[in-house]
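Take a look at the letters that make up each chain.
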Amino acid sequence: MRDQTRFTSGDSECAAWHYPGATAACVIMAAGLGVTKEPGTDLFARRFQEAGFHVLAFDYRHFGASGGRPRQVARVREQIADWHAAIDHAATLPGVHPAQLAIWGFSTSGGHVLRVAADRPGLAAAIAQTPSVDGPAVGRNAMRHQTPAAMLRLTGRGLRDAVGALAGHPPRLVALDGPPGTVAVLTTPDAQDSGRALNPGDRYPQWQRGVAARSALRFAVYRPGRWAARVRCPLLVVVADQDQVALPGPAARAAGRAPRGELVRLPGGHYAPFLDQHEPAATAEIAFLQAHLPTRAKRPSAPAGPC
């Protein structure tokens, strides 16, 4: 069903799964902050492959099976570079046409989708699922679901981690999610669904569910929604109306600013597309891809005629 592949990005390599498809179109996928490719993309990658598309799902540098040290450190600039390297690699995969590439991301990677699509006008389509597009707004909302003491500890750990990095110390990790009062990146009510949404039954025991504390500070000021008006390819933004992690309002407004933007609204929280809203989310996304990418099987080359 899928093959391992790797490609160079910066001074290291990214690991990826290639799901062969029946058409010449390919969907390049990446998951949210600190989430590796298996828990973050498997569910939708299989659906896209069943619909006939190639899929390239990759890990960012410093995470999962990809290279890069120190581990568990997320840097916006590097992740954007990883996206561009993944797109270039997808164009070389057997059976893939370089003019039939789409990108898909959720949460922080959904925000990256806007920025990458703005820089790659040759993309055929882009999908941002419950994207985080306004870090300051997300941070203000997150404070409503966290205790002041825990917020101070998270900030302090992030600052100590950033200073320690200058001296070559290993990263100080924080949990990706947890209940209010714990030192974690996400403590909103819907953040508590991440385990059953992305890792049901501990299906992915190798997934390290933590990230360098300094990374949380970086993404708190990241605003990829500013690139929405520059996205020239068809863009589908899928929002969950009760999303307290990434917030539906900024994402919906970003869809409205994109020249060819489309918006799908679903009930539920941040992880609804992985839970009870998976079927409507997948159906909408596949229909969008089919509208902008070829859906017929690749035709074999015609034999050469007689001389």
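The following refers to the structure shown. Computed from a prediction, not measured in an experiment: that's the story for all the values here. (Residues numbered from 1 in each chain as written. Predicted model: local features only at pLDDT ≥ 70, side-chain atom pairs only at ≥ 80, totals over all residues. Heavy atoms only, no water.)

**With respect to the overall build of the protein**
Line of reasoning, step 1. Each helix and strand counted, the protein has nine helices and eleven strands in total.
Line of reasoning, step 2. Its C-alpha atoms give the protein principal-axis dimensions of roughly 80 × 40 × 40 Å.
Line of reasoning, step 3. By the burial criterion, 56% of the 307 residues in the protein qualify as buried.
Line of reasoning, step 4. Residue pairs at least 24 apart in sequence account for 74% of intrachain contacts in the protein once pairs closer than 6 positions are excluded.
Line of reasoning, step 5. Total accessible area on the protein is roughly 13,000 Å²; 55% of this is exposed by carbon and sulfur atoms.
Line of reasoning, step 6. When the 34 positive and 23 negative side-chain charges of the protein are each reduced to one mean point, those points stand 6 Å apart. (Helix = DSSP H or I, 4+ residues; strand = E, 2+ residues; numbered from the N terminus. Buried < 20%, exposed > 50% of the residue type's maximum accessible area, 1.4 Å probe, protein only. Contact = heavy atoms within 4.5 Å. Areas by Shrake-Rupley, 256 points an atom, 1.4 Å probe, with all protein chains shown as cover. Lys, Arg positive; Asp, Glu negative; His and termini not counted. Charge placed at Lys NZ, Arg CZ, Asp CG, Glu CD.)

**Examining the packing of helix 2 (residues 76-90) against helix 3 (residues 108-119)**
When two helices pack together, their arrangement is captured by the angle between the axes and the distance separating the axes.
Line of reasoning, step 1. Direction vectors running N to C along helix 2 and helix 3 enclose 60°, while the axes themselves pass 10 Å from each other. Two packed elements cross with a definite hand, and for helix 2 against helix 3 that hand is right-handed. Within the contact between the two elements, helix 2 uses Val76, Gln79, Ile80, Trp83, His84 and Ile87 and helix 3 uses Ser109, His112, Val113, Arg115, Val116 and Asp119.
Line of reasoning, step 2. Of the residues assigned to the contact of helix 2 with helix 3, the class counts are six nonpolar, four polar and two charged. (Axes fitted to C-alpha atoms, helices over the stretch in contact; angles between N-to-C directions. Left-handed = near helix turned anticlockwise from the far one by under 90°. Nonpolar A, V, L, I, M, F, W, Y, C, P; charged D, E, K, R; others polar.)

**Structural notes on the sheet that holds strand 5 (residues 101-107)**
Line of reasoning, step 1. Read across the sheet, eight strands follow the order 1-2-4-3-5-6-10-11 without closing on themselves; strand pairing throughout is mixed. Looking at which strands have only one partner, the edges of the open sheet turn out to be strand 1 (3-9) and strand 11 (261-266). Shown here is a sheet whose adjacent strand axes are inclined to one another by a mean of 20°, direction ignored.
Line of reasoning, step 2. Bridge count between strand 1 and strand 2 (residues 12-19): seven bridges; the pairing is antiparallel. What sits directly across from Arg6, in strand 2, is Ala15.
Line of reasoning, step 3. Of the strands in this sheet, strand 3 (26-30), strand 5, strand 6 (125-131) and strand 10 (235-240) are in contact with helix 3, which crosses strand 5 at around 145°. (Pairing = 2+ DSSP bridges.)

**Some details on the sheet that holds strand 9 (residues 210-212)**
Line of reasoning, step 1. Sheet architecture is open: three strands sit in the order 8-7-9, paired in mixed fashion. Two strands in the sheet have a free side with no partner beyond their single neighbour: strand 8 (184-186) and strand 9. Neighbour-to-neighbour, the strand axes of the sheet open up by a mean angle of 40°, direction not taken into account.
Line of reasoning, step 2. Across three bridges, strand 7 (residues 173-177) lies against strand 9 in antiparallel orientation.

**Considering the nonpolar core**
Line of reasoning, step 1. Residues Ile28, Met29, Phe48, Phe58, Trp83, Ile103 and Trp104 are the most contacted members of the largest nonpolar core, which totals 85 residues.
Line of reasoning, step 2. A total of seven residues in this core trace back to one element, the largest contributor, which is helix 2.
Line of reasoning, step 3. Excluding residues that lie within four positions of it along the chain, Ile103 makes contacts with Ile28, Trp83, Ile87, Val113, Val116, Ala117, Leu123, Ala125, Ala126 and Ile127. (Core = buried A, V, L, I, M, F, W, Y, C linked by side-chain atoms within 4.5 Å.)

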